[in-house]
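# Examination of the molecular architecture
Below are the chains, spelled out letter by letter.
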Amino acid sequence: MRFSLSRGPVPLSALALATAALITACGGGGGGGGGFLPGAGTPNPSTPSGSAGPTYKAEIRRTALGIPHIKADNWAGAGYGYGYAQAQDDLCTMANSFLTYRGERSKHFGGDAQIPFSSTIGRPTNIDSDFFHRHVLNDDVIKTMIAAQPATLKSLVEGFAAGYNRYVREIKAGGEAGAHAACRGEAWVAPVTTEDVFRRMYAANFAGGYSNFLPNIANAIAPAASGPVAMSRRAAKATQLAQAPTRVPEFQVGGHEGVGSNMIGFGTAATGDGSPLLFGNPHWYWRGPDRFYQAQLTIPGTLNVSGTSFLGIPVILIGFNDNVAWSHTVSTARRFGFFQLTLASGDPTSYMRDGQAVKMKARSITVQVRQPDGGISPVTRTLYESEYGPMVNLGVLNAAFAWSQTTAFAIRDVNGDNFRLFRNWQRWNQAKSLDEFAAIQREETAIPWVNTVAIGRGSAKAWYADIGAIPNVPPAQLASCGTALGAALGASLPRVPVMDGSRSACDWQSDADSVQKGAIGPARLPSLVRDDYVANMNDSYWLANPAEPLTGYPSILGPAGTEAVSFRTRLGNLLAQGRLAGTDGDTGNKATSETVRRMVINSRVHTAELFKDQALALVCGTPIAVTGDVATGETFASPKSVDPAAACAVLQAWDNTGTRTAKGAHLWDEFWTRASRAPAATLYQVPFSASDPIHTPRDLKTDATITGTLQQAFGAALLRVQASGYALDAQRGEYLYATRGGQKVPLFGGCGGQGYFTVACSENRLDQGGYTMDKDPNGNSYMQVVRFPEGGVEAHTFLTFSLSDDAASPHNGDYTRAYSAGEWHRVPFSEAEIAADPALTKTMLSE
């Protein structure tokens, strides 16, 4: 059954009721059961044996901006409503992405085409994506993952698949005319199984490991055997290594501007009242499968949680309930490592371990590939797996790392064996206090590649932790298990363990309290509680609060005082400190919801605050003969003369922010992008100091060499702005924007590399359409400011890109326009708040 109600007297006609009854009679089980729901009408595991009624039932209450509040009697019903709501808003993205996780992209889109949007796997070709996912997300591991889940989580996932399938059936039957026009008629918009949803969930484990090596794993093809190999050929690897430089792979998460996050937890000493306060803001993908979706899930007496999850995932990953609120940022801890395998003589698919040959597990995979003429042809690759993990082709990094007759490499992602992750989040969704929240994090040690900050009702302090699944490789073991190739690879990928795979003594170790074999135990992982504030902006655990640096933890977690932190980390701490000192120009000196909401979107540009006046003094004197552009690597055939006077005047008048109306921010962005490529030792007078990490490095050098470098950077930046057609004093919102309903929505902020705390980072060049957020950007996404006043929850949120990917939806741009205006949404949470929302609509679903 499906029917909708809006606020006010909108009765259902007899015809509508009859139609709803017909849909119920014909709906069946939705094909969403996979291995758990073998046929239509199979009883819900959450329904008592012998009870009558539908298998799934949910009520979807949508409030302002389309936010769904899903209410159900059990876990299966909550999943059912959530799957339906996500599909109703983001069907095309979800259906496209389920092809990715099943390894079926090439069948529909051809093998050579790229995935159309970025995610934690980047944008690989369809053929490589298909082989990777069929290999890493294979049926056996998915069965193991499912078996490890609690019954309630299985029910939630079963319901999610059924709800998604319900919406697919309705669309295919002609429902919601005009919705999802881009995909509704496509054959690849099809039902999913429960296993498909678990496969999508398991893929989320690997953003800090396997996902960054997708093409290397998908193309790890064994060489043909060529007979016994002489030791001299093994030694030749060292020569090959010296002759070829090692390239570093691009890490999708934490490896380039935009994909990161900010979070600050304020204790009651900072808020000045009985409630702590949380600010959370992932800088994340605006398109694609890892885009966030905002919702509330309620099972009376069991679950009441609001927040966000990735599309296709039915568990809230960042959010709040009646008693706790939490957020995440990408961690610096390495979650993977390599094992160098010494191959058995004459057999490149067997490796030696403690003197015995071990045969690799071969997996023959056939992918169906659409051809240009529309025909389908099979392509087969045989990929291999060692006991450590899948084989990986590192020859593209350095020829010496290629799979040869003598040597090969396997990659191990600690999260490959981490089946606790979604149980951890499910338990957090139900946590009743901050103490319980922290205890769950220690008990599960499952968080995969992020830091955590949390607050709780009645707790005076805020909690920070980088407690999760992290490889355990003690320094002594690393020293004894190193190889020459491993040392070279480790130099390019610092803190990534490269171990000798020929000895069992080189296996990752376990602590006495390790929850997972080969992972560090929670007692040796960092955490901090404070009543002023804790924070993280993607640098390491070290500066969760500069007043109490965390030290003495395993080096694999990240640097602790050995290298400079980002300008975004520096500004984030200065914002918090300025608020508590009362020196930020706002009201009082407490971290209230109002002051924090203003603070985190004020779009200050910290590099301009530090260096603008110094830089202008060096570059503004005379015309500049620009010889090239370091941003593109271009060298001009003859110098191009630019007069900096007008640009300098604009920058001198600029207020050092990236607000919508700020004039001149693009000039600084383009300049600092180029200037910051100079080595820190060349650029700064005062180097980084671990004793003053929030204020160093600082002050630009003024010698002739750096002056020339900065003049070239400024000249090239000015040429870029001139080529863009935007005026030197163009307002920020003219060229930083998102398009919704055919109209440009002006935005604010910028990229972290320029020192913005407020992030809107476009991958688009200024001279190729401006800093548009329409293509493949990253930036502020789901934002929340949460506190726990007596008797309730006060939460203000943004979903910056809006709820729906469908251009025809009213919720494709409404949240984006609110964000543009800086109008935080006071999201309803209690039943009374939901019922009182003027935009309330209700949809009842059952089958």
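Summary of the structure given here.

For the protein, the helix and strand inventory stands at 24 helices and 34 strands. For a compact globule of 847 residues, the expected C-alpha radius of gyration is about 29 Å, and the protein comes in at 27 Å, within 12% of that figure. When each of the 847 residues of the protein is scored for burial, the buried share is 60%. Across the protein, the fraction of contacts at a sequence separation of at least 24, relative to all contacts at a separation of at least 6, is 70%.

This part is about the state of the cysteines. Counted by the stated rule, this structure contains four disulfides. Between C92 and C183 runs a disulfide, and the two sulfur atoms are separated by 2.2 Å. Judged by the torsion about the S-S bond (-90°), the C92/C183 disulfide is left-handed. Here C183 lies in the loop between α6 (151-172) and α7 (194-203) and C92 lies in helix α2 (residues 75-102), a separation of 91 residues in the sequence. Between the sulfur atoms of C620 and its disulfide mate C648 the distance is 1.9 Å. Since a negative S-S torsion denotes a left-handed disulfide, the C620-C648 link at about -95° is left-handed. Here C648 lies in helix α18 (residues 645-653) and C620 lies in the loop between α17 (606-619) and β22 (624-629), a separation of 28 residues in the sequence. Sequence-ordered numbering of the bonded cysteines in the protein gives a pairing of 1-2, 3-4, 5-6, 7-8.

In this section: the pairing of strand β8 (residues 318-321). Across a regular strand the side chains alternate sides, sitting on one face of the sheet and then on the other. Burial of β8 is two-sided: the residues I318 and F320 facing one way and the residues G319 and N321 facing the other way are all buried. The turn joining β8 and strand β9 (residues 324-330), which pair antiparallel and follow one another in sequence, is formed by two residues.

This part is about the packing of aromatic side chains. For the structure shown, the criterion picks out 46 aromatic pairs. Positioned above the aromatic ring of Y737 is the side chain of K744, whose terminal nitrogen or guanidinium carbon lies 4.2 Å from the ring centre.

On to the pattern of salt bridges, then. Overall, the coordinates contain 45 salt bridges when judged by the stated rule. A salt bridge links R787 to D273; its shortest N-O distance comes to 2.8 Å. Taken together, the positions of R787 in strand β31 (residues 782-787) and D273 in the loop between α10 (268-271) and β5 (277-285) put the pair 514 residues apart, joining distant regions of the chain. Looking at R787, the relative accessible area reads 16%, which means it is buried.

Across four bridges, the pairing between strand β2 (residues 57-62) and strand β3 (residues 68-71) is antiparallel. When the bridges of β3 are listed, R62 appears paired with P68. Between the end of β2 and the start of β3, which pair antiparallel, lie five residues, with L65 showing a positive phi angle near 70°. Where β3 lies against strand β6 (residues 292-299), three bridges are found, and the strand directions are parallel. Its bridge partner being in β6, H69 is matched across the sheet by Q296.

Running from amino to carboxyl end, helix α19 (residues 665-675) crosses helix α21 (residues 704-724) at an angle of 135°, the nearest separation of the two axes being 8 Å. As far as their axial angle goes, α21 and α19 are oblique. Here α19 and α21 pass one another in a crossing that is right-handed. Residues H666, L667, E670, F671, R674 and A675 of α19 touch α21, and the partners they reach there are L710, A713, F714, A716, A717, L718, R720 and V721. Tallied by class, the residues present in the contact of α19 with α21 amount to 10 nonpolar, one polar and three charged.

Applying the stated criterion across every chain yields a total of four cavities of 30 Å³ or more. Estimated volume of the largest cavity: approximately 150 Å³. Along its surface, the largest cavity is lined by 15 residues, and F310, I318, H328, W449 and V450 are the ones closest to its centre. Only β4 (260-266), β5 and β9 provide two or more residues apiece to the lining of the largest cavity. Per-element tally for the lining of the largest cavity: the top contributor is β9, with three residues. Of the residues assigned to the lining of the largest cavity, the class counts are 11 nonpolar, four polar and no charged.

With omega at 0°, the peptide bond leading from T696 into P697 counts as cis. Here P697 is to be found in the loop between β24 (684-686) and β25 (698-700). If you check the backbone angles, L65 has positive phi at about 70° while not being a glycine. Topologically, L65 is positioned in the loop between β2 and β3. The class for L65 is buried, based on a relative accessible area of 16%. Residue T445 is not a glycine yet carries a positive backbone phi of 40°. Position of T445 among the secondary structure elements: in the loop between α12 (434-444) and β17 (450-456).

On to the packing of α17 against α21, then. Where α17 contacts α21, the axes come no closer than 9 Å and their chain directions differ by 95°. As the angle between them shows, α17 and α21 are arranged roughly perpendicular. Within the contact between the two elements, α17 uses L616, L618 and V619 and α21 uses T707, L710, Q711 and F714. For the contact of α17 with α21, the per-class residue count stands at five nonpolar, two polar and no charged.

Moving on to the sheet that holds strand β29 (residues 771-772). Ordered by their spatial adjacency, three strands build an open sheet running β27-β26-β29, and the pairing between neighbours is mixed. Where the open sheet ends on each side, the last strands, each with one partner, are β27 (743-746) and β29. In the sheet, strand β26 (residues 736-740) pairs with β29 via two bridges, with the strands oriented parallel. Each bridged residue has a counterpart across the sheet, and for Y737 the counterpart in β29 is T772.

A word on α17. Taking 1.5 Å per residue as the helical rise, α17 with its 14 residues ought to reach 20 Å, and the 19 Å between its terminal C-alpha atoms agrees with that figure. K612 marks the point of greatest bend in α17, at about 50°.

The residue R420 is located in the loop between β16 (407-413) and α11 (421-429) in this model. Side-chain polar atoms of R420 contact the backbone oxygen of E444, separated by 2.6 Å. Excluding residues that lie within four positions of it along the chain, R420 makes contacts with E444, T445, A446, A469, V515 and Q516.

Quick look at helix α5 (residues 139-147) now. Restricting attention to buried positions, one finds in α5 the residues V141, I142, M145 and I146. Buried residues in α5, looked at end-on, bunch into an arc of 140°, giving them a common side. Turned more than 90 degrees away from the buried face of α5, the exposed residues are D139, K143 and A147. Check the buried side of α5 and you find it contacts α4 (126-136), α6, α7 and α11. Here α5 starts with a cap whose side-chain oxygen sits 3.1 Å from the backbone nitrogen of D140, and that cap is N138.

This brings us to the environment of A64. Structurally, A64 can be placed in the loop between β2 and β3. Each C-alpha atom of the pair A64 and N205 lies 33 Å from the other, and the pair is 141 residues apart in sequence. Setting aside residues up to four positions removed in sequence, A64 forms contacts with H825, D837 and A839.

Parameters at a glance
Residues numbered from 1 in each chain as written. Predicted model: local features only at pLDDT ≥ 70, side-chain atom pairs only at ≥ 80, totals over all residues. Heavy atoms only, no water. Helix = DSSP H or I, 4+ residues; strand = E, 2+ residues; numbered from the N terminus. Rg over C-alpha atoms; globule rule 2.2 N^0.38 Å. Buried < 20%, exposed > 50% of the residue type's maximum accessible area, 1.4 Å probe, protein only. Contact = heavy atoms within 4.5 Å. Disulfide = S-S within 2.5 Å. Pairing = 2+ DSSP bridges. Phe/Tyr/Trp six-rings, centres within 6.5 Å; stacked < 30°, edge-to-face > 60°. Lys NZ or Arg CZ within 6 Å of the ring centre and 35° of its normal. Salt bridge = Lys/Arg side-chain N within 4 Å of Asp/Glu carboxyl O. Axes fitted to C-alpha atoms, helices over the stretch in contact; angles between N-to-C directions. Parallel < 35°, antiparallel > 145°, perpendicular 65-115°, else oblique. Left-handed = near helix turned anticlockwise from the far one by under 90°. Nonpolar A, V, L, I, M, F, W, Y, C, P; charged D, E, K, R; others polar. 1 Å grid on protein atoms, 1.4 Å probe; cavity = no way out; pocket = protein on both sides within 12 Å on 5 of 7 lines; lining within 4 Å. Points joined across faces, edges and corners; volume = space filled by probe spheres on them. Expected span 1.5 Å × (residues − 1). Bend = angle between axes of the 7 residues up to and from the residue. Polar contact = N/O pair within 3.5 Å; in protein donor to acceptor, adjacent residues only side chain to side chain. Arc of directions from axis to C-beta.

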